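Chain residues, written in single-letter form:
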Amino acid sequence: MSSILIVDDERDIRELIGDILQDEGFTVRLAGNSDDCMAAIEAEAPSLIILDIWLKDSRMDGIDILKTVKRNNPDVPVVIISGHGNIEIAVAAIKQGAYDFIEKPFNIDQLMVVVTRAMEASRLRHENNELRRKDTTSSEMLGQSLAFKAMRAQLDKVTKSNGRVMLSGPAGSGKEIAARYIHANSNRADAAFVSVSSAGIEPERMEEVLFGRETSERGLEKGLLEQAHGGVVYFDEVADMPLGTQSKMLRVLVEQQFTRVGGVEKVRVDLRVISSTSRDLRAEIAAGRFRQELYDRLNVVPISVPSLEDRREDIPMLVRHFIAGLHRIQGLPQRQLSPDAEATLQTMHWPGNVRQLRNVIERVLILGDGSGPIEPSELPGMTPVIESGDGKMLIGGALATMALREARELFEREYLLTQINRFGGNISRTASFVGMERSALHRKLKSLGVVKGRDSEDE
């Protein structure tokens, strides 16, 4: 948007206004009737429209044009001018969304004040929309594990296409980050990324939120789909979308258009759709809670996002990333992880996945004392080893009732399983850490009845 469109059936008036604005450094376009006006808007949306309310020999008058502009280009300010000004016309114009009303004959200084303010409002609105489009939520993907690399390789293959992607994985595993990664590396990166929380929107409001609405009191309100035009719309936990809305979304995917709630005209959109779910959608379909047709449309490229327990090797890298981010954003201490704390985090149970890991680190940084390395005793659910007064470890529970051989085998089995899980099933790295030859570790695992993991020095 870079020009001012002047619409007036009187040639002298529109050319006079055009000359004045050109002298002030503005680029102008002129239209003498409604057809020329609509054609100019269709060719390129202007930054501002100065519109005569009475247009002779035109299919539409100024109010009709104003309504159309506010419906299709709501961010373009419109200044109404008229030689038959009265309070009713002014009120009607403002109600329909006009920025201001100027009566002919107008004062040039008054015109310039209104135009300058309207252009500034347009600029600020445009900048605000751009900032909203460039969502600051991170799309950075971090990891070195095999599970992570396999997922990212799949994501890289779909970034340059417009194919619909279905991301599946447990809650907190980073499905939205994966969706943002696709968007950030696609040819739609400069357009909007709009996230739709299917579970967070009240079912009765879902259609208004998605499709927008038109009312006589509030005029036109864009929905999320319209806001995402040209970019990506991400349906988080799509299984929670109401069945009625599923039917309408299916039609949107087929036709790439919809009608706002309360409206009659079709709104065309250009969207790339990415969805996610932590549930088994086939089971949801069998139970009648999700439409087979919508699943088929959304599940063009299925990609699995691994749980944190499937990529334990990535935990130290993720923790360092979280600590740096929390220090930068919240000013929390930029502490290091002790080797023992690192090992402990890699062996803990993570039902909440990456989200839970971040929360744990934030809690430790908030509640921790000093700026020294984070120790295992600071982690939730972890307690220091209990020692007697003379420094010896106290053994209790079932372990104390076992014979030495049974206790040793139990310890070795659990210890080696923990280390194998910690290193993502990599036998070579496990052997190096525990101080055994790979062949000796293989024999030990076999004697303990433990299924071995990967055996590679390169992984």
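See the structure shown above.
Because the structure is a prediction, the values reported are computed rather than measured. (Residues numbered from 1 in each chain as written. Predicted model: local features only at pLDDT ≥ 70, side-chain atom pairs only at ≥ 80, totals over all residues. Heavy atoms only, no water.)

1. With respect to the sheet that holds strand 6 (residues 165-168)
- In spatial order, the strands read 7-10-13-6-14; together these five strands make up an open sheet with parallel pairing. Both edges of this open sheet fall to strand 7 (193-197) and strand 14 (301-304), since each of them pairs with a single strand only. Recorded for the sheet is a direction-independent mean angle of 20° between the axes of neighbouring strands.
- Relative to strand 13 (residues 272-277), strand 10 (residues 232-236) runs parallel, the two being bridged by four bridges. Across the sheet, V233 pairs through a bridge with V273, a residue of strand 13.
- The strands touched by helix 6 (residues 146-158) within the sheet are strand 6, strand 13 and strand 14, with strand 14 carrying the most contacts at an inclination of about 155°. (Pairing = 2+ DSSP bridges. Helix = DSSP H or I, 4+ residues; strand = E, 2+ residues; numbered from the N terminus. Axes fitted to C-alpha atoms, helices over the stretch in contact; angles between N-to-C directions. Contact = heavy atoms within 4.5 Å.)

2. A look at the environment of L21
- If you trace the backbone, L21 turns up in helix 1 (residues 11-23).
- Distance from L21 to I4, taken between C-alpha atoms, is 8.6 Å for residues 17 residues apart in sequence.
- Not counting residues up to four positions away in its chain, the partners in contact with L21 are I4, I6, F26, V28, I50, M112 and V115.

3. Some remarks on the nonpolar core
- Formed by 32 residues in total, the largest nonpolar core has its most connected members in L225, F235 and M249.
- Contributing elements (two or more residues each) for this core: strand 7, helix 8 (206-211), helix 9 (224-227), strand 10, helix 10 (243-255), helix 11 (281-286) and helix 12 (292-298).
- Apart from the residues lying within four places of it in its own chain, the contact partners of M249 are L210, F211, L225, F235 and M241.
- In terms of nonpolar packing, the next biggest core, distinct from the first, is built from 23 residues, L55, I63, V76 and F101 among them. (Core = buried A, V, L, I, M, F, W, Y, C linked by side-chain atoms within 4.5 Å. Buried < 20%, exposed > 50% of the residue type's maximum accessible area, 1.4 Å probe, protein only.)

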